[in-house]
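Secondary and tertiary structure notes
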Amino acid sequence: MNKEVVFISGASRGIGTAIAESFAQLGHTVIGTSRSEFKFENKQDNLIPLALDIADRSSINNCVEYLKDNNLKPSILINNAGITSDQLFLRMRDEEWDNVIATNLTGTFNLTKALIKNMIKNRYGRIINISSVSGLMGNPGQVNYSSAKAGLSGFTKSLAKEVGSRGITVNSVAPGFIETDMTSYLEGDAKEKLINEIPLKRLGSANDIADLVVFLASNDASYITGQTISVDGGLFMY
Ligand code: NAD
């Protein structure tokens, strides 16, 4: 695999950090972002931390300027940043809907719009969106989150059709329940019950997701586009 510039949103922890470190270990230059300033614990020179709020278009413009100033042209984009704001539908406040859609769906639009131009110019690119099992099978308390994540599947398919002829693939990865801060609320009996429903009888690790993302970005995956691929221990089967 050529040495590329990889851009990953939401890389300060969890799945995003695992993806960033996996690409960095392969020798790529990795720009990892988070809403606020952060540092990678792993001090590799090719891991660049950057503050960026993907829901804020002025923050995206500043980021594009930073990339220009430093002559960084990402050819691999991982739209990983995401939030939850769970609430049963009847109690869901407007801002709980708005914030989740703004980050998980509109944020992906904002960042992809900003970075795809260089990929089109170079006639090469990989865009990988981190979706969720919740967008495929639904989950009570997550009407906002599962709507945003299901939206990513449509985004992935339509964009894949638009840019396939330019050498750009667009895919989604749909994690099941992965051990990160986002699922730290799971404990005790509830956690055990959930694990029992998973055919592989465990929660996933961030590296389980990173491994597929790295594969989808590689030349070995050059004929895969428009897909949403689950990594969920078999929790949801099509
Ligand atoms: P996490 O909460 O541990 O980390 C989320 C990251 O996104 C953080 O770095 C945070 O700073 C960043 N972020 C949030 N809002 C942002 C914004 N507006 N702008 C920029 N960065 C922002 O989450 P995680 O568990 O590592 O999840 C990563 C992705 O995987 C998310 O899209 C999430 O929806 C998805 N996912 C996670 C699970 C799971 O079980 N953990 C399951 C399915 C899908």
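Residues numbered from 1 in each chain as written. Predicted model: local features only at pLDDT ≥ 70, side-chain atom pairs only at ≥ 80, totals over all residues. Heavy atoms only, no water.

It is worth spelling out the overall build of the protein at this point. Helix and strand counts for the protein stand at seven helices and seven strands. Beginning at the N terminus, the succession of helices and strands in the protein can be written as β-α-β-β-α-β-α-β-α-α-β-α-α-β. For 238 residues, the compact-globule formula gives about 18 Å, and the C-alpha radius of gyration of the protein, at 17 Å, lands near that figure. Seen through its C-alpha atoms, the protein measures out along the principal axes to roughly 50 × 40 × 35 Å. Burial statistics for the protein: of 238 residues in total, 49% are counted as buried. Counting contacts in the protein only where the partners sit at least 6 residues apart, residues at least 24 apart contribute 69% of the total. (Helix = DSSP H or I, 4+ residues; strand = E, 2+ residues; numbered from the N terminus. Rg over C-alpha atoms; globule rule 2.2 N^0.38 Å. Buried < 20%, exposed > 50% of the residue type's maximum accessible area, 1.4 Å probe, protein only. Contact = heavy atoms within 4.5 Å.)

Before going further, it helps to spend a moment on the pattern of salt bridges. Under the criterion given, the structure shown has six salt bridges. A salt bridge links aspartate 181 to arginine 13; its shortest N-O distance comes to 3.5 Å. Remark: arginine 13 occurs in the loop between β1 (5-8) and α1 (14-25) and aspartate 181 occurs in the loop between β6 (168-175) and α6 (188-197); sequence separation between them is 168 residues. The exposure class assigned to aspartate 181 is partly exposed, which follows from its relative accessible area of 49%. (Salt bridge = Lys/Arg side-chain N within 4 Å of Asp/Glu carboxyl O.)

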